[in-house]
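A structural walkthrough
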Amino acid sequence: MNFSISLTVNGVRRDVALDDPRVTLLDLLRERLDLTGTKKGCDRGQCGACTVLVDGRRINSCLALAVSHDGAEILTIEGVARGDQLHPVQAAFIAHDGLQCGFCTPGQIMSAIGLIREGQAGDDPERVREGMSGNLCRCGAYAGITEAVLEAQNSLVATSQRRSA
Amino acid sequence: MKTFDYLRPATISDAVAAAAEPGAAYLAAGTNLLDLMKGGISRPDRLVDVTRLPGLDRIEPLPDGGVRIGAMVRNADLACDAGFAKSFPAVAEALLSGASAQLRNAATVGGNLLQRTRCGYFYDVASACNKREPGSGCDARGGENRLHAVLGWSEACIATHPSDFCVPLIALDAVVEIEGKSGRREVALEALHCLPGDTPARETVLEPGDLIVAVRLPGEARAFSAHARYLKVRERTSYAFAVVSAAAALRIEQGTIREARLALGGVAAKPWRARAAEQILLGAGADPAVFRRAAEAALADAKPSGDNQFKIELARRILVRTLTLAAAGTPKRIAALPASPFASASGALQHA
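Conventions and cut-offs
Every chain begins its residue count from 1, and numbering advances along the sequence as written. Written order decides the labels, with chains lettered from A and ligands numbered from 1. Thresholds applied to this predicted model are a pLDDT of at least 70 for local features of residues and 80 or more for the giving and counting of side-chain atom pairs; totals over whole chains, interfaces and linings are not thresholded and use all residues. Helix numbers and strand numbers start at the N terminus; a helix is a DSSP run of H or I with at least 4 residues, a strand a run of E with at least 2. Here the globule rule is a power law, 2.2 Å times the number of residues to the power 0.38, and the radius of gyration is based on C-alpha atoms. To estimate the expected span of a helix, subtract one from its residue number and multiply by 1.5 Å. We call a residue exposed when 12 or fewer other C-beta atoms sit within 10 Å of its C-beta, buried when the count reaches 20 or more, and partly exposed for counts in between; the C-beta positions come from the backbone. The rule for pairing is simple: two strands pair if DSSP sees at least two bridges between them. A fitted line through C-alpha atoms represents every axis, and for helices the fit uses only the stretch in contact; the resulting angles, taken between N-to-C directions, go from 0 to 180 degrees. Contacts are defined on C-beta atoms placed from the backbone: any two residues whose C-beta positions lie within 7 Å are in contact. For each domain, the first and last residues come from an automatic or database assignment.

A word on the overall build of chain A. In terms of helices and strands, chain A carries five helices and five strands. Counted from the first residue to the last, chain A has its helices and strands arranged as β-β-α-β-β-β-α-α-α-α. Over its C-alpha atoms chain A spans a radius of gyration of 16 Å, differing by no more than 12% from the 15 Å that the globule rule assigns to 165 residues. Principal-axis analysis of the C-alpha atoms gives chain A an extent of 50 × 40 × 30 Å.

Now the structure itself:
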């Protein structure tokens, strides 16, 4: 069977002919669209390295069938910066040493962007930690990650307040 | 992963017909099913994608004060629906204590009910498992089984049902709406899951093609909103299945318990309603001795299935704790760590 799907990936429409329904969204991004920023860690929904935003919501792309997401809008780590200007979450991860080896970082950043959009954690560090618990970091950079998410949350809230003022 | 045919029908009746064929399985978010397929535990020949079926993604208030939750509603959307969380706070708390934020954004109401056990021997295709392969035996019986069932288990299977969501739902008399080959029917959630007996591969009363289309909570379930909690003991702070969990919902008038609902999770192959314990609470106050008597009644039939004697006393204590917190009143906002038994002041790090 052949399945043609179209996705909007980082703002660009991509039409993909799938020859196999088994392709996950993660494998589609990495192997067919050459967007290798999204990482394959456990491939079983346990580590969060494959986190992307689908229609604005963070999900594990390893547990999503690509064919089931026909028409979706996908945001990956490659799509968050504006040219050379880093996304505030990316900048905060650098400022707070929210990483060591960096393998989990794209998933951490996409998850943090999703968390801030969800608007449930606010500036409560415990809620941030709970909200980020689906992203494992084997280097143990959690303290820096929490600080980075809190700073990014505050700077994004300040920006949106300036815009609405 | 074994290959499969993929169908995305446009109507519920087409979906039911397509899924009634041998070897077919429904696909919603796939957060459990794809994991099982990658591991070779589930090997469907045909996936029937229900994510685009019309009308399954709504949270509808009912005239009696209850709510009808479409089977495709995502866990996060239900938990964060302000009206729902206010009326059924223990259900929202249970949802937020499950999985991770990414999984809750994808996982559906119907899929949660039908998720499979997390027994390691069920997941390991090299192990004997009567649930995965009837008649092959149960390696969990003589294996690593400290987290296995203490109620309702059999020699054939000691697995537990992993859902958090289902625990307050059965306490609140949830009803499941099912579309099947012969039309629409309803089953009490308490009657949906089967105990293992000699046939642990039969996990629910669903027949081939049956599709869960909605879960309903009756209007009476709102009467508990002021005194409803869900607590969950985990082996790590977050993103873990329950060792033991409990839902307690009380209707209290002038300090006296007039109605009580209790259920346990992580103890059996189904979410476990503790009706005998509920009766003990009627007419009592928020009395620790009465709570303890109720907890003992709830676990009266419990017996270890392996190295899990500790779960029986843990379940009694978590019931007492849940009753104590429910009697004290539902918090205005769900705690930073939902369902954590280690409560502290808001904002403070509880597990730093």
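Turning next to helix 12 (residues 309-328) of chain B. Residue and element names in this part refer to chain B. With 20 residues, helix 12 should cover 28 Å at 1.5 Å per step; its first-to-last C-alpha distance of 30 Å lies within 8% of that length. Of all the positions in helix 12, only K311, A315, R316, I318, L319, V320, T322, L323, A326 and A327 are classed as buried. Following helix 12 by one or two positions, G329 adopts a phi angle in the positive range, close to 115°.

Okay, the sheet that holds strand 2 (residues 12-18) of chain A next. Residue and element names in this part refer to chain A. Here we have five strands laid out as an open sheet, ordered 2-1-5-3-4, and mixed in their pairing. Of all the strands in the sheet, the pair left with one neighbour each is strand 2 and strand 4 (57-60). Ignoring strand direction, the axes of neighbouring strands in this sheet form an average angle of 40°. Here strand 1 (residues 3-9) pairs with strand 2 via seven bridges, running antiparallel. For V9, the partnering residue across the bridge sits in strand 2 and is V12. Docked against the sheet, helix 3 (residues 105-118) engages strand 3 (51-54) and strand 4, running at close to 35° with respect to strand 3.

The next subject is the sheet that holds strand 6 (residues 175-180) of chain B. All names here are of chain B. A sheet is described by the order of its strands in space; here five strands give the open sequence 4-5-8-6-7, paired in antiparallel fashion. If you trace the sheet from one side to the other, it starts and ends with strand 4 (59-61) and strand 7 (183-188), each paired once. With direction set aside, neighbouring strand axes in the sheet form an average angle of 25°. In the sheet, strand 6 pairs with strand 8 (residues 211-217) via five bridges, with the strands oriented antiparallel. Residue pairing in the sheet places V175 in a bridge with R216 of strand 8.

Next up on the list: the domain arrangement of chain B. When cut into domains, chain B gives domain 1 (5-52) and domain 2 (223-328). Its C-alpha centre places domain 1 of chain B at a distance of 36 Å from the equivalent point of domain 2 of chain B.

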